[in-house]
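Chains, contacts and geometry: an overview
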Amino acid sequence: MLAKYACDPAQTRGRLHPEPESAFRSCYQRDRDRIIHCSAFRRLKHKTQVFVEHEGDFYRTRLTHSIEVAQVARTLSGVLNLNGELTEAVALAHDLGHTPFGHTGEDALSELMAPYGGFDHNAQAIRIVTSLERHYAEFDGLNLTWDTLEGLAKHNGPVTGDLPYALADYNALHDLELSTHASAEAQVAALADDIAYNHHDIHDGLRAQLFTQEEVGELPILRDCFAEVDRIYPDIDRYRRRHEALRRFFGVMVEDVIAETRRRLAALDPQSVTDIRMAGQPVVRFTDAIWADLKVLRRFMFDRMYRAPSVMVVRREVTKVVMELFPHYLAHPDLLPPRWQVDVARAGDDKVALARVVSDYVSGMTDRYAIEIHSELLGNDS
């Protein structure tokens, strides 16, 4: 039973290009399936979260992260009586626009694209699913439903001010009502993203020996999780101890979101998904207390993991890869693969349009391909 404020596939706002409905799948199931089968989703296998993809087999990649986000999102969606298929579609697609080398690559590409309209990974995800995936006979992109596209565009909240060009271009064709909040399903996907990376980044940081269990055990929330494990299993080995504590940390975050979201829904008493969108504030949230604790944890992770000396060395190396590949392709667009030459020809002498073609290509690269092609074209390893 879906809640009154859940998205109903029978009430979808449809697709930009009308299609016959499937006889056995809802429109949101089709969205999810198209996302899973698209090229950009497969490339997430070799795109980094924090560590460069080839540094170790155990670290998360964008693909494993997206799967973990979808798992959390399905759980939250089911408990809250939301549409799990739409929630999963947004969760699986939310990172499609990321560059190689994670936020490091995005920072570099944002700097390079500043004279040409900028770069934003959330907007790039929209560009991928509405234009750059070119497999279908009757349209570019995946022709996802309005509801899924809205969730991709607004899962982190309303989009105001100057729009990234990738989002502005599509929104001019298909108004996603960017000034309002997204559906509860998209909000769940956003919080599931927070839960997943808060959990797995600690796990990856411990595996990389950037900090110790003892240090993590002194952080808010985790302190109680480790204490409970030590009380119940006093003789457990370090690896099982870590796992048991982190799974409890995971559970604390999930349970907190469920409790706070239920409280907010009870106070709002929404009668439709429109009430969710027009609420003026998100309905899917952590409690203030847990959110404050998570900010302490994120500051620790920023200092000890995201800006750790060993990580910064690699950040500088991979930044060089992106910073050199982009201008090289911009000066020599004939080096782009044959499939991209149609876009190069369409850009003509328009430097902004050409820069966007190059940005689309470079941002779609996997970590390993960017490193390999940089070495091949520029004659050095980074």
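Everything quoted here is computed from the prediction, not taken from an experiment. (Residues numbered from 1 in each chain as written. Predicted model: local features only at pLDDT ≥ 70, side-chain atom pairs only at ≥ 80, totals over all residues. Heavy atoms only, no water.)

1. Looking at the overall build of the protein
- Looking only at helices and strands, one finds 18 helices and 0 strands in the protein.
- By the compact-globule yardstick of 21 Å for 382 residues, the protein fits well, its C-alpha radius of gyration being 22 Å.
- Residue burial in the protein is summarised as follows: out of 382 residues, 57% are buried.
- Of the contacts formed within the protein by residues at least 6 apart in sequence, a portion of 72% connects residues at least 24 apart.
- When the accessible surface of the protein is totalled, it reaches about 17200 Å², and 52% of it is carbon and sulfur. (Helix = DSSP H or I, 4+ residues; strand = E, 2+ residues; numbered from the N terminus. Rg over C-alpha atoms; globule rule 2.2 N^0.38 Å. Buried < 20%, exposed > 50% of the residue type's maximum accessible area, 1.4 Å probe, protein only. Contact = heavy atoms within 4.5 Å. Areas by Shrake-Rupley, 256 points an atom, 1.4 Å probe, with all protein chains shown as cover.)

2. Topic: the layout of surface pockets
- Estimated volume of the second largest pocket: approximately 530 Å³.
- Residue lining of the second largest pocket: 24 residues in total, with R127, S131, L132, R134 and D169 positioned closest to the centre.
- Mapped onto the lining of the second largest pocket, the elements with two or more residues apiece are α6 (121–132), α8 (165–173), α16 (341–347) and α17 (351–364).
- It is α6 that provides the largest number of residues to the lining of the second largest pocket, a total of 5 residues.
- Considered class by class, the residues forming the lining of the second largest pocket number 12 nonpolar, 4 polar and 8 charged. (1 Å grid on protein atoms, 1.4 Å probe; cavity = no way out; pocket = protein on both sides within 12 Å on 5 of 7 lines; lining within 4 Å. Points joined across faces, edges and corners; volume = space filled by probe spheres on them. Nonpolar A, V, L, I, M, F, W, Y, C, P; charged D, E, K, R; others polar.)

3. Things to note about the nonpolar core
- Formed by 116 residues in total, the largest nonpolar core has its most connected members in L96 and I202.
- In this view, L96 contacts I35, C38, A40, F41, L44, A125, I128 and V129; residues no more than four positions away in its chain are not counted. (Core = buried A, V, L, I, M, F, W, Y, C linked by side-chain atoms within 4.5 Å.)

4. A few points about the environment of R299
- Here R299 shows up in helix α14 (residues 288–306).
- On the basis of relative accessibility, which here comes to 51%, the residue R299 falls in the exposed class.
- Residues R299 and V188, 111 residues apart in the sequence, show an inter-C-alpha distance of 24 Å.

5. Some points on the pattern of salt bridges
- Taken as a whole and assessed by the stated rule, the structure comprises 27 salt bridges.
- In this structure, the salt-bridge partner of D95 is R62, at a minimum N-O distance of 2.9 Å. Of this pair, D95 sits in the loop between α4 (84–93) and α5 (102–113) while R62 sits in helix α3 (residues 62–79), and the two are 33 residues apart along the sequence.
- Residue classification places R62 among the buried positions, given a relative accessible area of 4%.
- Of the charged contacts in the structure, one is a salt bridge between D230 and R241, with a shortest N-O distance of 2.7 Å. Of this pair, D230 sits in helix α11 (residues 222–232) while R241 sits in helix α12 (residues 238–268), and the two are 11 residues apart along the sequence.
- Under the relative-accessibility criterion, R241 is labelled buried at 18%.
- Here the salt bridges do not stand alone but share partners, grouping R25, R32, D33, R74 and E88 into one network. (Salt bridge = Lys/Arg side-chain N within 4 Å of Asp/Glu carboxyl O.)

6. Structural notes on unusual backbone geometry
- One non-glycine residue with positive phi stands out, namely Q209, at about 60 degrees.
- Q209 gets classed as exposed once you look at its relative accessible area, which sits at 70%.
- Despite not being glycine, D269 shows a phi value in the positive range, around 50 degrees.
- In this structure, D269 sits in the loop between α12 and α13 (273–277).
- On the accessibility criterion, D269 (48% relative accessible area) is partly exposed.

7. A short note on the side chain of H155
- Within the fold, H155 resides in the loop between α7 (146–154) and α8.
- There is a polar contact of 2.9 Å between the side chain of H155 and the backbone oxygen of L152.
- Those residues within four positions of H155 in sequence are excluded, and the remaining contacts are V90, H94, N122, E150, A182, A186, Q187 and A190. (Polar contact = N/O pair within 3.5 Å; in protein donor to acceptor, adjacent residues only side chain to side chain.)

8. Describing the packing of aromatic side chains
- Applying the stated criterion across every chain yields a total of 5 aromatic pairs.
- A ring pair is formed by Y329 and Y361, whose centres lie 5.4 Å apart and whose planes are at 85 degrees; its orientation type is edge-to-face. In this pair, Y329 sits in helix α15 (residues 309–331) while Y361 sits in helix α17, placing the two residues 32 residues apart along the sequence. Here Y329 and Y361 have matching classes, each one buried. (Phe/Tyr/Trp six-rings, centres within 6.5 Å; stacked < 30°, edge-to-face > 60°.)

9. A few points about the packing of helix α1 (residues 27–37) against α4
- As a packed pair, α1 and α4 sit with axes 8 Å apart at the nearest point and diverge in direction by 20 degrees. The orientation of α1 with respect to α4, classified from their angle, is roughly parallel. As α1 runs across α4, the sense of the crossing is left-handed. Residues Y28, Q29, D31, R32, I35 and I36 of α1 touch α4, and the partners they reach there are E85, L86, E88, A89, L92 and A93.
- Looking at the contact of α1 with α4, its residues break down into 7 nonpolar, 1 polar and 4 charged. (Axes fitted to C-alpha atoms, helices over the stretch in contact; angles between N-to-C directions. Parallel < 35°, antiparallel > 145°, perpendicular 65-115°, else oblique. Left-handed = near helix turned anticlockwise from the far one by under 90°.)

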